[in-house]
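Chain and residue survey
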Amino acid sequence: MIKGIGTDLIEIGRVEKACKKEAFLARYFTYEEIAFMKGNARKSAGNFAVKEAVSKVLGTGFSGFGPKDIEVLRDERGKPYVNLYGGAKKRADELHIKNMYVTISNTKELVSAFAVGEDESI
């Protein structure tokens, strides 16, 4: 059963500019994400958009947890997935969300992300 959906659309240039600041990177991304992104603006924007979309799935925005509580990585084939920590994990557990599915699409200037939270027990 679907427990929540979320989407986000962001300008790549906006995230690229923000990522030039160490404080922004440290606040929004885990070490593993930073290592994956390697300064790539498109990857950074994709991860940022997924975090926003997942926060909407959880129905709170970034209330009760921060962006680093949603970690966005890729599997061996490049498919994005999330790991939830801290307050984001707690909120997902409260909603009985067992699976989180995410996807990222981009154009030259924009990145969009879509997320679905599912409770497989129903």
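Residues numbered from 1 in each chain as written. Predicted model: local features only at pLDDT ≥ 70, side-chain atom pairs only at ≥ 80, totals over all residues. Heavy atoms only, no water.

**Notes on the UniProt feature "domain: 4'-phosphopantetheinyl transferase" (unreviewed entry) in the protein chain**
As a reminder of what qualifies: UniProt positions are given in the numbering used here, feature names are shortened, and annotations may be inferred rather than shown by experiment. Labels follow the DSSP assignment, with helices taken as runs of H or I lasting at least four residues and strands as runs of E lasting at least two, numbered in each case from the N terminus.
Per the UniProt record, "domain: 4'-phosphopantetheinyl transferase" (unreviewed entry) is annotated on residues 4-98. As annotated, residues 4-98 comprises 49% helix and 19% strand, and the C-alpha atoms at either end are separated by 12 Å.

**Here's the deal with the environment of I12**
As a reminder, the rule being used: We call two residues in contact when some of their heavy atoms are within 4.5 Å.
With respect to the element layout, I12 can be found in helix α1 (residues 12-18). Residues I12 and V111, 99 residues apart in the sequence, show an inter-C-alpha distance of 6.4 Å. Sequence-distant contacts of I12, defined by excluding residues within four places in its chain, comprise A41, R42, A45, T107, K108, E109, L110 and V111.

**A short note on the sheet that holds strand β1 (residues 2-11)**
How we decide: Here a strand pair is declared whenever DSSP counts at least two bridges between the two strands. A fitted line through C-alpha atoms represents every axis, and for helices the fit uses only the stretch in contact; the resulting angles, taken between N-to-C directions, go from 0 to 180 degrees.
A sheet is described by the order of its strands in space; here 3 strands give the open sequence β1-β5-β4, paired in antiparallel fashion. With partners counted over all chains shown, the strands left at the sheet margins are β1 and β4 (99-106), one partner each. Ignoring which end each strand starts from, the neighbouring axes of this sheet average 10° apart. Here β1 runs beside strand β5 (residues 110-118); their pairing, made up of 9 bridges, is antiparallel. Considered in β5, the bridge of T7 is made with F114. Lying on the sheet, helix α4 (residues 41-57) is in contact with β1, β4 and β5; it crosses β1 at an angle near 145°.

**Topic: the UniProt feature "binding site: Mg(2+)" (unreviewed entry) in the protein chain**
Heads up, the rule is: Throughout this description, a polar contact denotes any pair of N or O atoms lying within 3.5 Å of each other; where both atoms belong to protein, one of them has to be capable of donating a hydrogen while the other can accept it, and for residues adjacent in sequence the pair is counted only when both atoms sit in side chains.
The feature "binding site: Mg(2+)" (unreviewed entry), as given by UniProt, occupies D8 and E52 in the numbering adopted here. Sequence-wise these annotated residues cover 45 residues; spatially they are packed, their C-alpha atoms never more than 6.1 Å apart. By the secondary structure assignment, D8 is in strand β1. A distance of 3.4 Å separates a polar atom in the side chain of D8 from a polar atom in the side chain of K56. Within the fold, E52 resides in helix α4. Among residues more than four places away in sequence, those in contact with E52 are D8 and F62.

**So, unusual backbone geometry**
Put simply, the rule reads: Relative accessibility thresholds used throughout: buried, under 20% of the residue-type maximum; exposed, over 50%; partly exposed, between the two (1.4 Å probe, protein chains only).
Residues other than glycine seldom take positive phi values, yet K38 does so here, at roughly 45°. Looking at the secondary structure, you find K38 in the loop between α3 (31-37) and α4. Look at K38 and you get exposed, because its relative accessible area is 72%. Residue H96 is not a glycine yet carries a positive backbone phi of 60°. Tracing the chain through its elements places H96 in the loop between α5 (86-94) and β4. Judged by relative accessible area, which is 43%, H96 ranks as partly exposed.

**Here's the deal with the packing of aromatic side chains**
For clarity, the threshold we go by: Note on ring pairs: Phe, Tyr and Trp rings are taken, using the six-membered ring of Trp, and paired if centres are within 6.5 Å. Classes follow the plane angle, with under 30 degrees stacked, over 60 edge-to-face and the rest tilted. Two thresholds decide whether a charge sits over a ring: the Lys NZ or Arg CZ must be within 6 Å of the ring centre and within 35 degrees of the ring normal.
Applying the stated criterion across every chain yields a total of 5 aromatic pairs. Judged by centre distance (5.9 Å) and plane angle (70°), the ring pair of F62 and F65 falls under edge-to-face. Connected via pairs of aromatic rings, a cluster forms that spans F24, Y28, F29 and F48. We note K43 situated over the ring of F36; from NZ or CZ to the ring centre the distance is 4.7 Å.

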